[in-house]
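Spelled out, the chains give:
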Amino acid sequence: MTDKSDDWKPQTALVHGGTLRSQFGETSEAIYLTQGFLYESAEAAEARFKGEEPGFIYSRYANPTVDMFEKRMCALEGAEDARATASGMAAVSAALLCSLKAGDHVVAARALFGSCRWVVETLMPRYGIEATLVDGASLAAWEGAVRPNTKLFFLESPTNPTLEVCDIAAIASLANGIGARLVVDNVFATPLLQKPLELGAHVVVYSATKHIDGQGRCLGGVILSDKEWIDEHLHDYFRHTGPSLSPFNAWTLLKGLETLPLRVRQQMENAARAADYLAEHPKVARVVYPGRKDHPQADLVARQMKGGSTLVCFDLKGGKEAAFAFENALRIIGISNNLGDAKSLITHPATTTHKNLDDDARAQAGIGPGTLRLSLGLEDVEDLIKDIDQALQRA
């Protein structure tokens with residue numbers, strides 16, 4: 001076993017953290033593609049099920065390859081414990097539902113990924129859990145939504161797709177004051193650019209499908225928090241509902257973590273260049289990028305984040321017609337609902353990721369008919385700018 005040293009930088013932890021080697025001394029992490037495990041005796045099986053003896057029982061509960069991924073994510077995030085899931089939405093659902101019951105109340109930021117809003121607005125009320133959506137950038141809105149039965153706050157920052165930033169430290173402080181938990185979806189920032197737990201959040205979730213894999217290969221998610229919360233709330237939920245990550249996907253994500261800093265740094269540089277170019281173009285009505293001084297919350301970005309983002313949000317003046325013409329004219333950048341990939345990808349949220357919101361809800365979230373979400377990849381930035389330029393000429 002390779003344990004994380006206290007003075008390891010993220011680049012080192014992402015290559016070596018949590019490594020578990022077999023008796024063969026393999027260089028690359030092993031894939032333990034197994035459903036179950038054998039015991040030396042009936043007594044050993046009983047002891048393991050009682051928790052008196054360490055070891056693995058069943059891959060739905062835990063698996064050596066998955067365990068390596070979880071430990072490496074803990075080393076990066078600075079978390080005590082983690083559980084890896086089959087997808088990002090499995091992580092979100094488990095993080096929200098595992099500690100709630102009928103009669104509880106949740107306050108969530110209005111600007112959320114479409115599936116996250118469905119869980120908050122549609123799924124939880126079916127089980128008697130009330131929810132209030134607020135302007136995530138307004139601390140007064142969070143304060144005004146609190147009820148005596150409020151148990152949980154939920155937000156993503158920067159938001160999908162408009163890259164709005166929430167004051168995590170202030171919202172965490174409010175949650176602490178009422179005995180609630182703050183769950184933060186940190187996908188757009190990645191753990192390299194923002195660490196919600198250090199800012200006071202109690203739980204952080206990721207779609208590992210995005211930057212962590214970052215190469216379009218597999219699905220995955222992860223939930224990180226303190227060990228007490230995971231043992232008390234998440235452990236049994238996870239064990240009995242089975243949103244567990246495949247060992248093969250865990251191995252793929254481990255390989256992705258090794259190059260995460262290199263990829264995110266280049267993607268962020270490309271995004272900053274693209275944002276600057278788009279901001280000067282006459283066909284572009286609005287550009288939102290956390291690394292720019294004209295971001296609505298530039299001061300908060302400077303305090304809370306170590307960099308901008310790998311994504312850019314912008315509006316074309318011609319609405320949906322111009323947005324579609326722009327997408328269809330692109331030669332390098334692909335049309336997709338994914339993000340954080342080595343390949344640059346473009347999304348029209350109003351007709352894809354946020355299509356189930358009504359017009360008023362989309363407007364409240366800052367999503368218009370001409371809004372586009374651009375995820376920058378690893379291509380040469382000059383080629384990307386040329387591609388954007390020729391597509392804008394046809395928009």
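Everything that follows concerns the structure shown earlier in this document.
The rules behind each value
- Numbers given to residues run from 1 along each chain, matching the order in which its sequence is written.
- In view of the model being predicted, local features appear only for residues whose pLDDT reaches at least 70, and side-chain atom pairs are presented and counted only at 80 or more, with totals across whole chains, interfaces and linings using the full set of residues.
- Remark: hydrogens and water are excluded; side-chain values derive from all non-hydrogen atoms of the structure.
- Under the scheme used here, helices are H or I runs from DSSP no shorter than 4 residues and strands are E runs no shorter than 2 residues, and both carry numbers assigned from the N terminus.
- For the radius of gyration, the atoms used are the C-alpha atoms, and the globule rule reads 2.2 Å times the number of residues raised to 0.38.
- By definition in these notes, contact holds between two residues if any of their heavy atoms fall within 4.5 Å.
- Each accessible area is a Shrake-Rupley estimate made with a 1.4 Å probe; only the visible protein chains count as cover when residues are assessed.
- Residues scored as positive are Lys and Arg, those scored as negative are Asp and Glu, and His as well as the terminal groups of each chain are ignored.
- Charged side chains are reduced to one point each, which is NZ for Lys, CZ for Arg, CG for Asp and CD for Glu.
- Accessible area is worked out with a 1.4 Å probe on protein chains only. A residue is then buried under 20% of its type maximum, exposed over 50%, and partly exposed in between.
- Should DSSP find at least two bridges between two strands, the strands are regarded as paired.
- Residue types Ala, Val, Leu, Ile, Met, Phe, Trp, Tyr and Cys, when buried and joined through side-chain atoms within 4.5 Å, form a set referred to as a nonpolar core.
- Axes, fitted as lines to C-alpha atoms, cover a helix only where it is in contact. Angles between the N-to-C directions of the axes lie from 0 to 180 degrees.
- A crossover gets the label right-handed when its path from the first strand over the helix to the second runs clockwise, viewed with the strands pointing away from the viewer.

Enquirer: I keep staring at the overall build of the chain and nothing clicks. Help me out?
Expert: What the chain contains, in helices and strands, is 15 helices and 12 strands. The globule rule puts the C-alpha radius of gyration for 395 residues at 21 Å, and the 21 Å found for the chain is close to it. Based on the C-alpha atoms only, the size of the chain along its principal axes is roughly 75 × 50 × 35 Å. A separation threshold of at least 6 residues defines the contact pool for the chain, and within that pool the share at least 24 residues apart is 73%. Working note: accessible area of the chain is about 16800 Å², and carbon and sulfur atoms make up 50% of it. If the 40 positive side-chain charges of the chain are averaged to one point and the 50 negative ones to another, these points end up 3 Å apart.

Enquirer: Would you mind showing me how to read the pairing of strand 6 (residues 203-207) here?
Expert: Along any regular strand, the residues point their side chains to alternate faces of the sheet. Buried residues dominate strand 6, accounting for 5 of its 5 residues. In strand 6, alternate side chains face the same way, and those of Val 203, Val 205 and Ser 207 on one face and Val 204 and Tyr 206 on the other are all buried. Bridging between strand 5 (residues 181-185) and strand 6 involves 3 bridges; their strand directions are parallel. The partner of Val 183 across the bridge, within strand 6, is Val 203.

Enquirer: Is there a simple way to think about the nonpolar core in this case?
Expert: Where a protein is soluble and globular, its nonpolar side chains tend to be buried together. Counting 54 residues, the largest nonpolar core has Phe 69, Leu 224, Leu 278, Val 312, Phe 314, Phe 326 and Leu 374 as the members making the most contacts within it. Examining the composition of this core, we find that 11 residues originate from one element, helix 11 (residues 247-279), more than from any other. In this structure, Val 312 is in contact with Leu 163, Ala 271, Ala 275, Leu 278, Val 287, Val 288, Tyr 289, Leu 372, Arg 373, Leu 374 and Leu 376, ignoring residues within four places of it in sequence. If you look at the next biggest cluster of nonpolar residues, it comprises 27 residues, including Cys 98, Ala 108, Leu 112 and Leu 123.

Enquirer: Explain the sheet that holds strand 8 (residues 284-288) to me, please; I cannot follow it from the model alone.
Expert: Pairing is mixed in the open sheet, where 5 strands are placed in the order 8-9-12-11-10. A single partner strand is all that each edge strand has here, and the edge strands are strand 8 and strand 10 (334-335). Direction of pairing for strand 9 (residues 311-316) relative to strand 12 (residues 371-375): antiparallel, over a ladder of 5 bridges. The residue of strand 12 that forms the bridge with Asp 315 is Thr 371. Of the strands in this sheet, strand 9, strand 10, strand 11 (345-347) and strand 12 touch helix 13 (residues 319-329), which is tilted by about 130° from strand 9.

Enquirer: I keep staring at the pairing of strand 3 (residues 130-134) and nothing clicks. Help me out?
Expert: One ladder, built from 5 bridges, connects strand 2 (residues 105-109) with strand 3; its direction is parallel. Paired with Ala 109 across the strands is Val 134, a residue of strand 3. With helix 5 (residues 114-126) bridging strand 2 and its parallel neighbour strand 3, the resulting β-α-β unit is right-handed.

Enquirer: Is there a simple way to think about unusual backbone geometry in this case?
Expert: With the exception of glycine, most residues fall at negative phi, and the peptide bonds are largely trans. Omega for the peptide link from Ser 157 to Pro 158 comes to -5°, which places this bond in the cis form. Along the chain, the position of Pro 158 falls in the loop between strand 4 (150-156) and helix 7 (168-178). Here the bond from Asn 160 into Pro 161 is cis, since omega is 5°, no more than 30 degrees from zero. Note that Pro 161 resides in the loop between strand 4 and helix 7. Although it is not a glycine, Leu 163 adopts a positive phi angle of roughly 60°. Considering the arrangement of structural elements, one finds Leu 163 in the loop between strand 4 and helix 7. Leu 163 sits in the buried class, given a relative accessible area of 0%. A positive phi angle, close to 65°, is found at Thr 190, a residue other than glycine.

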